[in-house]
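Observations on chain architecture
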Amino acid sequence: MKSVLVTGQNTIDWVEVEEPAVGPNDVLLKMKACGICGSDAMYAMYGGIPPRQGATPLGHEPAAEVAEIGAEVNGIEVGDHVVIDTMAFTDGLLGSGGAQGGMTPLVLVKDFKPGKQLRVIPKEIPWKVAALNEPMAVAHHAVNRSGAKAGDKAVVFGAGPIGLGAVLSLKSKGVAHIVVVDIQPERLKVALEVGADAVINSAEEDVIARLIELQGAVTSQFGRSGFAGADVYIDAAGVPVVIETILKVAKPRAVLTIPAVHKKPIEIDFGAILMQELDIRWAMGYPTEIFEVTDSIIANPDLYAKIISHTFPFDQALEAFELAKTPGAADKVVVLFD
């Protein structure tokens, strides 16, 4: 069967791989959809994912149908629709350095344990929406790390899939006011559609002045002014100017959480922000959130569908990866299988 792999530096290609054999404790999945993540382009840039040597299978945002189960498997049935914890495979992270990737027709869950690798979802959930479960868990983990709670004010920088997922997660926690900052008008339009209270186009507006206008001005205990009223900042953009802006505008004891991947070092003047007592936190993956977010997707499939910008059939997966890695050309690209 054909599978999509990183085959060299900056090279993604089709590779013929063997169909997996199902053991007594295994579950065979027929892939139905798989999203493309920004990290896929990063894997290609590096020519693979250490410690794996050679070609690296791609695809870590999958949704699938159970095609076959081993003789000793319980808790799942052939024909079930499932979302997948790609970090719970015994042969490595699915699509992120493990032996298999989700951008292939068949994936084997070895040593299946009920409730660990798979969660059954209603069959009416569109496959392209089900494939959002993994990136939305990343966004939900970032919000959990931020400690955002009911009544807080929040700012999300970056209205890509993770930023939009963060908006949905913040809303679910009862956050009172959410501002989304981006440079693309279409992204900002979607941010409003999924629940943002206000948006700022940072290419056209003074972000700090607008944040103070939208969320109020705060003066520190030391008499310094010019801070905005947000309790929580989420950096889902990964560009230096975002950090610079937040460090200038964040009120004392605000929380900055960073799920974005920054590709270059950023210089921070800790002396300048000492009196703000800013709490900087990092968020990666989804230690507990992979199936926590599933209920929200099941309850609001039409809302989550707004995050998807493009779909491609599996036989055009290489074109899908090319579009996804082109800056500004697409937001969330999902590949659909027959």
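Below or above, wherever it landed, is the structure these notes cover. (Residues numbered from 1 in each chain as written. Predicted model: local features only at pLDDT ≥ 70, side-chain atom pairs only at ≥ 80, totals over all residues. Heavy atoms only, no water.)

1. Points about the pattern of salt bridges
Here the structure, examined in full by the defined rule, presents 14 salt bridges. Here Glu 65 and Lys 32 are joined by a salt bridge, their closest N and O atoms 3.9 Å apart. Of this pair, Glu 65 sits in strand S5 (residues 62–69) while Lys 32 sits in strand S3 (residues 27–36), placing them 33 residues apart in sequence. Owing to a relative accessible area of 12%, Lys 32 belongs among the buried residues under this scheme. Of the charged contacts, one joins Glu 193 and Lys 306 as a salt bridge, the two residues approaching to 4.0 Å between their closest N and O atoms. With Glu 193 in helix H5 (residues 185–194) and Lys 306 in the loop between helix H10 (301–305) and strand S17 (308–313), this pair connects stretches of sequence that are 113 residues apart. A relative accessible area of 38% means that Lys 306 is categorised as partly exposed. Through salt bridges with shared partners, one network takes in Asp 182, Arg 187 and Asp 331. (Salt bridge = Lys/Arg side-chain N within 4 Å of Asp/Glu carboxyl O. Helix = DSSP H or I, 4+ residues; strand = E, 2+ residues; numbered from the N terminus. Buried < 20%, exposed > 50% of the residue type's maximum accessible area, 1.4 Å probe, protein only.)

2. Thoughts on the nonpolar core
Ranked by size, the top nonpolar core spans 43 residues in total, and within it Val 156, Leu 170, Val 180 and Tyr 304 carry the most contacts. When residues of this core are traced back to their parent elements, those giving at least two are helix H2 (127–130), helix H3 (133–146), strand S9 (153–157), helix H4 (161–172), strand S10 (177–182), H5 and strand S14 (232–235). Element by element, the count of residues in this core is highest for H4, at 5 residues. Those residues in contact with Tyr 304 that lie beyond four places of it in its chain are Val 129, Leu 132, Met 136, Leu 168, Val 293, Ser 296 and Ile 297. (Core = buried A, V, L, I, M, F, W, Y, C linked by side-chain atoms within 4.5 Å. Contact = heavy atoms within 4.5 Å.)

3. Some remarks on the packing of H4 against H5
At a closest axis distance of 10 Å, the pairing of H4 and H5 adopts a crossing angle of 20 degrees. By the angle between their axes, H4 is roughly parallel relative to H5. Handedness of the crossing formed by H4 with H5: right-handed. Residues Leu 164, Val 167 and Leu 168 of H4 pack against Arg 187, Val 190, Ala 191 and Val 194 of H5. (Axes fitted to C-alpha atoms, helices over the stretch in contact; angles between N-to-C directions. Parallel < 35°, antiparallel > 145°, perpendicular 65-115°, else oblique. Left-handed = near helix turned anticlockwise from the far one by under 90°.)

Spatial relationships are all this shows, so hold off on functional conclusions.
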